[in-house]
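# Structural characterization, general
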Amino acid sequence: MATRDTAYPWVAVDGVNQEIRVCGSASLDGVVARSLWFNVAMLGLLQQGGLLIHAAGVELQGHGLLILGISGAGKSTLSALLDEAFPESVLCDERIALLPEEGSDESTWRMMRSPWESSAGIARRKTAPLSALVFLEQASVCEIHPISASEALQRILPLVSIDWKEQCLADCGVAALDRLLTTVPAFVYRFTKELEAAQYLDRWVGARE
């Protein structure tokens, strides 16, 4: 049995039936109760055709960039540099939620911050239209080049949160990834840990318009 806490209620995340329920006095037999809001966010996004991704998000000149990389790639470092050069431009430096734009044909996406932040400590209540996927690599000079959807898939798979053990959720995740990678261009950004890296990225965004 579980009792409800008004601030942090326990929830039952049922991946098979794709349900989220607040646990009160009802029997929880056969259902795993979790207090981890991460699981709720993941399931809720998958149900709506979206994704929860280990990434930073930034908006420059009205364009949203999903900044991707494994831990240590430099997401928080670049986020801090961007926030210094362009205050309030960073949505979040740890995890980003993606959803197809409401009323669209699902070829356009909107990115939103999550409540989780990393070492840069940034998690702002804002959204932005997604324009590009940007995978990070540290280097001695700044340069950006496009990559194929197949290469982007290999790079993004370790970063996306999908319950692969549940077939229905795995199918939702695969469908969302397919839509994302066929509608949003992907790039690799080799960057330095200097302020110029933020300014270079902003100039690149401007040059793509």
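Residues numbered from 1 in each chain as written. Predicted model: local features only at pLDDT ≥ 70, side-chain atom pairs only at ≥ 80, totals over all residues. Heavy atoms only, no water.

Moving on, we come to the confidence of the model for the protein. With 81% of its residues at a pLDDT of 70 or more, the protein shows a mean pLDDT of 84. In the model, residues 1-9 has pLDDT below 50 throughout and makes 16 contacts with residues more than four positions away in sequence or in other chains. (pLDDT = per-residue confidence, 0-100. Contact = heavy atoms within 4.5 Å.)

Quick look at the pattern of salt bridges now. Counted under the stated rule, the structure contains eight salt bridges. Taking the shortest distance from any N to any O, the salt bridge between R190 and E137 comes out at 2.9 Å. With R190 in strand β12 (residues 186-191) and E137 in strand β9 (residues 127-138), the pair connects residues that are 53 residues apart, well separated along the chain. R190 gets classed as partly exposed once you look at its relative accessible area, which sits at 26%. On the basis of relative accessible area, E137 is assigned to the partly exposed category, the value being 24%. E143 serves as the salt-bridge partner of R190, at 3.3 Å between the closest nitrogen and oxygen. With a gap of 47 residues between them, R190 in strand β12 and E143 in strand β10 (residues 143-147) connect regions that are remote in the sequence. We classify E143 as partly exposed; its relative accessible area is 36%. (Salt bridge = Lys/Arg side-chain N within 4 Å of Asp/Glu carboxyl O. Helix = DSSP H or I, 4+ residues; strand = E, 2+ residues; numbered from the N terminus. Buried < 20%, exposed > 50% of the residue type's maximum accessible area, 1.4 Å probe, protein only.)

Okay, the packing of aromatic side chains next. Between two aromatic rings, the relevant description is the distance of the centres plus the angle of the planes. Scanning the entire structure with this criterion turns up three aromatic pairs. When the ring of F187 is compared with that of W204, the centres are 4.8 Å apart and the planes differ by 80°; the resulting orientation is edge-to-face. Here W204 lies in helix α5 (residues 195-208) and F187 lies in strand β12, a separation of 17 residues in the sequence. The class for F187 is buried, based on a relative accessible area of 10%. The buried category is assigned to W204, whose relative accessible area is 14%. Taking the centre distance of 5.9 Å and the plane angle of 10° together, the rings of Y189 and Y200 count as stacked. Here Y200 lies in helix α5 and Y189 lies in strand β12, a separation of eleven residues in the sequence. What makes Y189 buried here is its relative accessible area of 0%. Accessibility expressed as a relative area gives 24% for Y200, which makes it partly exposed. Linked through ring pairs, Y189, F191 and Y200 together constitute an aromatic cluster. (Phe/Tyr/Trp six-rings, centres within 6.5 Å; stacked < 30°, edge-to-face > 60°.)

Its identity as a non-glycine residue notwithstanding, Q61 has a phi of 55°, on the positive side. With respect to the helices and strands, the residue Q61 is situated in the loop between β4 (51-60) and β5 (63-68). We classify Q61 as partly exposed; its relative accessible area is 41%. In this structure, E88 takes a positive phi of about 70° despite not being glycine. Here E88 is to be found in the loop between α2 (75-85) and β6 (90-92). We classify E88 as partly exposed; its relative accessible area is 48%.

In terms of burial, β12 is largely enclosed, as five of its six residues are buried. Judged from the six bridges that link them, β9 and β12 form a sheet pairing that is parallel. The residue of β12 that forms the bridge with L133 is A186. By the bridge criterion, five bridges tie β10 to β12 in an arrangement that is antiparallel. Counted as the bridge partner of E143 is R190 from β12. (Pairing = 2+ DSSP bridges.)

A word on the environment of L169. When you line up the elements, L169 lands in helix α4 (residues 167-183). Measuring from C-alpha to C-alpha, the distance between L169 and L46 comes to 6.8 Å, with 123 residues separating the pair along the chain.

In total, this model carries zero disulfides according to the counting rule given. The cysteine C172 is free of any disulfide, with C168 supplying the nearest cysteine sulfur at 6.5 Å. Note on C172: relative accessible area 22%, which makes it partly exposed. (Disulfide = S-S within 2.5 Å.)

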